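Results of the structural survey
Listed here are the chains, written in short residue letters.
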Amino acid sequence: MTSASTVAGAATAGNGTGTAAATAVERGGSTSSRALFPKGPSFTLDDFSSKDFIVRDFVDSLAETAVPANRRSGPSSSNAFDPKPLIRTFENALGQLGALSEQLQEKESELMSQVRRAEIQHDQTLDTLGRKLDQSMAQFEALDLTLNNPASADANGAATNGNIAVQIGEKLEELDRKRRKAQDANFLIQCWIEVTETGQLTSLEEIQRQGGAENKIRCAVIARQMMRISQRLDPLSWGHQAANGIRANGVTATNGTSAAGAAAASKHNTREVLEKFSELLEQDLLKQFNNSYRRQNFDDMLECAKVLHDFNGGASVIAAFVNQHQFFIDRDQLITDEVTTDGETWDQLADPDSDPPGVEPSLQSLVDEVKIVMQEESFIIKRAFPYYETVLAKFIQRVFQQSIQQRLEMVLDKATTISSLAYLRSLHASRSYIGALVEDLKTHGLTEHPEPCSTQISQALDQQLEELFVPYLVGNSYIDRERRSLEEMYNSLLFKFTLYHSRRKKAPTGFMAAIAQQGTQLLATAKDAYMERLDSSELTPTQKAMMLRVAGLQDNSSNKNEIEVSEEHGVLSVAYAKRMIIWLAESVRRTLEMGSASETPKDVNVLLNLLLTSMGQVYVETALDAALDSATSQENVKAEPDLSYLPHIRPAVTITNIMSRFITTVLIRLAESNTTVRRSMESQTKSAIEATERKTNAVMKSTMDVAINWVTKTLAQQKKLDFRPKDNDLEGLVDSLQTPTCQVICTFLSSKVAAYARQAIDGHNLEMFSSELALVIHRLLFDHFKKFPVNATGGLMVTKDIAKYVATIKEWPLTKDVEHMVELLTEVGYLFIIGPEALRERSRNLAASSSSSPAAAAAAAGGRLQKADFKAFVQKREDASSVGIQSVLAGL
């Protein structure tokens, strides 16, 4: 039962189909049903080893096989339950299960005994291996101690040498080097004997035929060594006598021995044989290199390049790679193509008022292709050459000096036939575009991609870029071209201006004429330079058309005497000045990008001189000189002066401010690296601005003199009886507001002087001019009303005139002090119309007398009337001799 329980317990759990258990039972049930005494089912261990075995299904199958078939139809009340078949079946099954359990126990015992034997053998093996490992480690430690401890002693006490293994290794390496050296020397002697006796290099050629990079390198090295041997031992092959003491084939050549005797053993010209072999070896290697390049076999190319580098420094393979590159072959066929840019683009290049169109298309296409080729070929060069940086530098040199330089020269030659400005713009655009190419290649890295270029390649690129443009930038050639181009454009733009002022009649004003003499000479120089340049045979049609367009001339008006100019051509234009500044700014940009940093201060100094001359002297100062001439010529005129020249001051000031700001913010800042040049530029600028300010002030001062002189002359024309009208003139006086003199002066001051002054200046300058003019007119009116007798009716006229004068002057922007003094004139008018009592009241507020001018005295007295002036005005009253007036005067 124990065995059966073990077997049954080993196959517990699970829900399944029970096919294995049913099969085990049916194996014996099918035959027992036909026997008289049926036997129970039989089964083996295999029946219980299935994964689908379920104990419950197995027992159910046993129970089914125990019931006869004729009793399985169903339960019946007549058939009582018979347990005997089940008992017999289960007893049979238990018997078989017991037998199977015994078999399993036997197998288990046998397996356990085998496991114990295996474990014993494994432990013995481990012990053996452990002992052997310990012995090996002890031996290694002893060996290590012997090799690394020079002070160790053996059992007999004898000292052993340390580092034995290192010494042995060094000796072996030395012996190997000597062996190889001896073999090489032996082979070299063998080759030399062959070439001297047979004129052939059989052994060397055999090595060459074997192929391989090492063999080819060895051939190259041996050939080079044999060349040196031939020079020493066979001097006749090299065309010179053998030196004394040189051994030739074992024979020493002494004094008196000829070279023929020294080289008697040489039957052949060793030089020719060696050179021929070297040439064939080099050609073979170059051919192999080219074939490998076509097949893109970079490893083979690298081997050939190494051999040729050891053979002749690699010059031949570099030349073959660079010269036979497809890029140069294709470009050599296209280099004869003409520059085919359309005429509109060239016209835009020559037009100073148009933006530069950029780099010429054919040059742009070439540079773009160079960029792609350089990036692609750098990858091949790095894989095909061990000295790839040298090869890449040669490739860069060839690209720049052949392809780019030739196309650049063609573009610049074409631009030269257009105009000087087209040349400068083309040169600058080309320099910028090629410079961008260099920077892109540096960033790409070429052979170092994706890292930036190495220092050597960066220097090579910079050097080629610099050498490419050196012919165009050497010395002062470039800045001279810039200066001449600007000068031509400035002269063209100002031609009608200079022509108008050269025809203008100059007033002989003595000292002022001497001041303007320099400006007159500059005008003549600029005008003549323009006409000479226009008539020059070197002038291109495009540039001539540009100069005529800028000057506003027709092509058929080449005779300057036939050119008509009007007064508007002689007026300053801020728009013209801005065009000049824009042209100059473009030139400064080109100069800054084209030239070196060390030359920039000197270059901008040249442009500064041109700006100060053309805009400062020829343009602004000429207009100021014309205004000054107009002002000085009217200082003593009898008719009312014409002040229409005065508004020309405003554009002169504006243009000067524009010029000054550009110089300060651009030109002088670019010269900061050179202190001497910067100080010189600052001094020149300061002198030019001061000269303009002096002439502006001279114009304003002369204008003030013109206005004062004319006011003085007009006041002198005041009639004596204007302020003593007769009784029969009262009707006319009632209708008139002021005297004719007052009306003329006020109209002149308001509509001419004040109006033109506002158009000329503003702000503080206008206030100072108006205040100064008001003070002078104030003084003139003070003196003027002391000269005329005034009756009662005339007092009203005086009051009206003074009120008009004061109202006219107060319309100007005046300082507060001057405004108070002008209002003092109103007090003067009251003195002629008020009675004695009012006069006595006003006399109490009078200031002390002063010998200075009335304006200055009034200012010193805080705007109060002085006693002397009070007395002078009151004495001109018709009733001054009356008792009331005399008592007032006596009270002073």
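Source: prediction; values computed, not measured.

Turning our attention to the overall build of the protein chain. Of the regular secondary structure elements, the protein chain holds 35 helices and two strands. Burial status across the protein chain gives 41% buried among its 892 residues. Of the accessible surface of the protein chain, which amounts to about 48000 Å², a share of 51% is contributed by carbon and sulfur atoms.

Under the counting rule described, the total for this entry stands at 29 salt bridges. For Arg 650, the salt bridge goes to Asp 762, with nearest N and O atoms at 3.8 Å. Pair noted here: Arg 650 is in helix H25 (residues 649-670) and Asp 762 is in the loop between helix H28 (740-760) and helix H29 (763-784), with a separation of 112 residues, a long-range link. Owing to a relative accessible area of 28%, Arg 650 belongs among the partly exposed residues under this scheme. Here the residues in one salt-bridge network are Asp 351, Asp 353, Arg 549 and Arg 579, joined through shared partners.

In terms of nonpolar packing, the biggest core is built from 119 residues, with Tyr 530, Leu 611, Leu 646, Leu 667, Leu 773 and Trp 812 touching the most fellow members. When residues of this core are assigned to their parent elements, the largest contribution, 15 residues, is made by helix H24 (residues 600-632). If we skip the residues at most four places from it in the chain, Leu 667 touches Val 588, Val 604, Leu 608, Leu 611, Phe 662 and Met 681.

Attention now moves to the environment of Ser 362. Relative to the elements of secondary structure, Ser 362 occurs in helix H14 (residues 361-384). As a C-alpha pair, Ser 362 and Val 339 span 23 residues in sequence and 7.0 Å in three-dimensional space. Beyond its immediate sequence surroundings of up to four residues, Ser 362 is in contact with Arg 407 and Val 411. Separated by 2.2 Å, the side chains of Ser 362 and Glu 360 make a polar contact.

A separate point is the side chain of Asn 791. Along the polypeptide, Asn 791 turns up in the loop between H29 and helix H30 (792-810). When its relative accessible area of 9% is taken as the criterion, Asn 791 is described as buried. At a separation of 3.3 Å, a polar atom in the side chain of Asn 791 contacts the main-chain amide nitrogen of Thr 793. In this structure Asn 791 touches Phe 723, Arg 724, Pro 725 and Glu 878, once residues within four positions along its chain are discounted.

Bringing the environment of Lys 713 into the picture now. In this fold, Lys 713 is placed in helix H26 (residues 675-716). Using a relative accessible area of 30% as the deciding quantity, one classes Lys 713 as partly exposed. Here the alpha-carbon distance between Lys 713 and Val 637, two residues 76 residues apart in the chain, equals 9.8 Å. Excluding anything up to four places from it in sequence, Lys 713 contacts Glu 635, Asn 636 and Val 637. Engagement of the side chain of Lys 713 in a polar contact is seen with the backbone oxygen of Asn 636, the distance being 3.1 Å.

With that settled, the discussion passes to a nonpolar patch on the surface. A surface patch of nonpolar side chains, amounting to about 300 Å² of accessible area, comprises Ile 168, Leu 172 and Leu 175. On the secondary structure map, Ile 168 appears in helix H5 (residues 164-197). Assessed through its relative accessible area of 45%, Ile 168 is described here as partly exposed.

Our next topic: unusual backbone geometry. In this structure, Pro 450 follows His 449 across a cis peptide bond, with omega equal to 10°. Within the fold, Pro 450 resides in the loop between helix H16 (420-444) and helix H17 (455-473). Within the chain, Gln 296 stands out as a residue other than glycine whose phi angle is a positive 60°. Classification of Gln 296 by relative accessible area gives partly exposed; the value is 40%. With a phi angle near 55°, Leu 446 is a residue other than glycine that sits in the positive phi range. Along the chain, the position of Leu 446 falls in the loop between H16 and H17.

Further remarks concern the state of the cysteines. Counted by the stated rule, this structure contains zero disulfides. Cysteine Cys 191 shares no disulfide, and the gap to the nearest cysteine sulfur, in Cys 219, comes to 8.6 Å. The exposure class assigned to Cys 191 is buried, which follows from its relative accessible area of 0%.

A few words on the side chain of Asp 801. By the element assignment, Asp 801 lies in helix H30. Other than its neighbours up to four places away in sequence, Asp 801 contacts Phe 723, Gln 738, Thr 739, Cys 742 and Phe 785.

Here we come to the packing of H26 against H28. Between H26 and H28, the shortest axis-to-axis distance is 9 Å and the interhelical angle comes to 165°. It follows from the interaxial angle that H26 and H28 lie roughly antiparallel. Along this stretch, H26 crosses H28, giving a crossing that reads as right-handed. Within the contact between the two elements, H26 uses Ala 707, Trp 710, Val 711, Thr 714 and Leu 715 and H28 uses Thr 741, Val 744, Ile 745, Phe 748, Leu 749 and Val 753. Within the contact of H26 with H28, the residues separate by chemical class into nine nonpolar, two polar and no charged.

Moving on to the confidence of the model for the protein chain. In this model, the protein chain carries a mean pLDDT of 81, and residues with pLDDT of at least 70 account for 80%. Of all helices and strands in the protein chain, the one with the weakest mean pLDDT is helix H1 (residues 2-10) (39), whereas H25 scores best (96). pLDDT under 50 marks residues 152-160. Its contacts with residues more than four places away, or in other chains, come to seven contacts. Below pLDDT 50 for its whole length, residues 242-265 participates in 30 contacts with residues either more than four positions away or in separate chains.

A word on the packing of H14 against H16. Here H14 crosses H16 at 10°, and the two axes come no closer than 11 Å. The pairing of H14 with H16 is recorded here as roughly parallel in orientation. Judged by the twist between their axes, the crossing of H14 over H16 is right-handed. Every residue of H16 that contacts H14 at Leu 363, Gln 364, Val 367, Asp 368, Val 370, Lys 371, Met 374 and Gln 375 is listed here: Ser 430, Tyr 433, Ile 434, Leu 437, Asp 440, Leu 441 and His 444. Across the contact of H14 with H16, the residue classes tally to eight nonpolar, four polar and three charged.

Those residues of helix H35 (residues 883-891) not exposed but buried are Ile 885, Val 888 and Leu 889. Here the buried residues of H35 occupy an arc of 95° about the axis, which is enough to place them on one side. Every exposed residue of H35 that faces more than 90 degrees away from the buried side is listed here: Val 883, Ala 890 and Gly 891. Elements in contact with the buried residues of H35: helix H32 (836-843) and helix H34 (867-874).

Before going further, it helps to spend a moment on the packing of aromatic side chains. Throughout the structure, instances matching the rule amount to 18 aromatic pairs. Ring centres 5.4 Å apart and planes at 75° place the aromatic pair Phe 321 and Phe 385 in the edge-to-face group. Taken together, the residues Phe 321 in helix H11 (residues 315-323) and Phe 385 in the loop between H14 and helix H15 (388-416) connect sequence positions 64 residues apart. Judged by centre distance (4.6 Å) and plane angle (40°), the ring pair of Trp 710 and Phe 748 falls under tilted. In this pair, Trp 710 is assigned in helix H26 and Phe 748 in helix H28, connecting sequence segments 38 residues apart. Ring-pair connections join several aromatic residues into one group, and the members of that group are Phe 289, Tyr 293, Phe 321, Phe 385, Tyr 387 and Phe 395. Sitting over the ring of Tyr 423, Arg 481 keeps its end group 4.0 Å from the ring centre. The ring of Phe 788 has Lys 720 lying over it, and the distance from NZ or CZ to the ring centre is 5.5 Å.

Glancing now at helix H10 (residues 298-312). Compared with an ideal rise of 1.5 Å per residue, which puts 15 residues at 21 Å, H10 spans 21 Å between its outermost C-alpha atoms and is within 8% of the ideal. Phi turns positive one or two residues past the end of H10, at Gly 313, with a value near 80°.

What counts, and where the lines are drawn
Residues numbered from 1 in each chain as written. Predicted model: local features only at pLDDT ≥ 70, side-chain atom pairs only at ≥ 80, totals over all residues. Heavy atoms only, no water. Helix = DSSP H or I, 4+ residues; strand = E, 2+ residues; numbered from the N terminus. Buried < 20%, exposed > 50% of the residue type's maximum accessible area, 1.4 Å probe, protein only. Areas by Shrake-Rupley, 256 points an atom, 1.4 Å probe, with all protein chains shown as cover. Salt bridge = Lys/Arg side-chain N within 4 Å of Asp/Glu carboxyl O. Core = buried A, V, L, I, M, F, W, Y, C linked by side-chain atoms within 4.5 Å. Contact = heavy atoms within 4.5 Å. Polar contact = N/O pair within 3.5 Å; in protein donor to acceptor, adjacent residues only side chain to side chain. Patch = residues over 30% accessible without salt bridge, like charges linked within 9 Å, V, L, I, M, F, W, Y side chains within 5 Å. Disulfide = S-S within 2.5 Å. Axes fitted to C-alpha atoms, helices over the stretch in contact; angles between N-to-C directions. Parallel < 35°, antiparallel > 145°, perpendicular 65-115°, else oblique. Left-handed = near helix turned anticlockwise from the far one by under 90°. Nonpolar A, V, L, I, M, F, W, Y, C, P; charged D, E, K, R; others polar. pLDDT = per-residue confidence, 0-100. Arc of directions from axis to C-beta. Phe/Tyr/Trp six-rings, centres within 6.5 Å; stacked < 30°, edge-to-face > 60°. Lys NZ or Arg CZ within 6 Å of the ring centre and 35° of its normal. Expected span 1.5 Å × (residues − 1).

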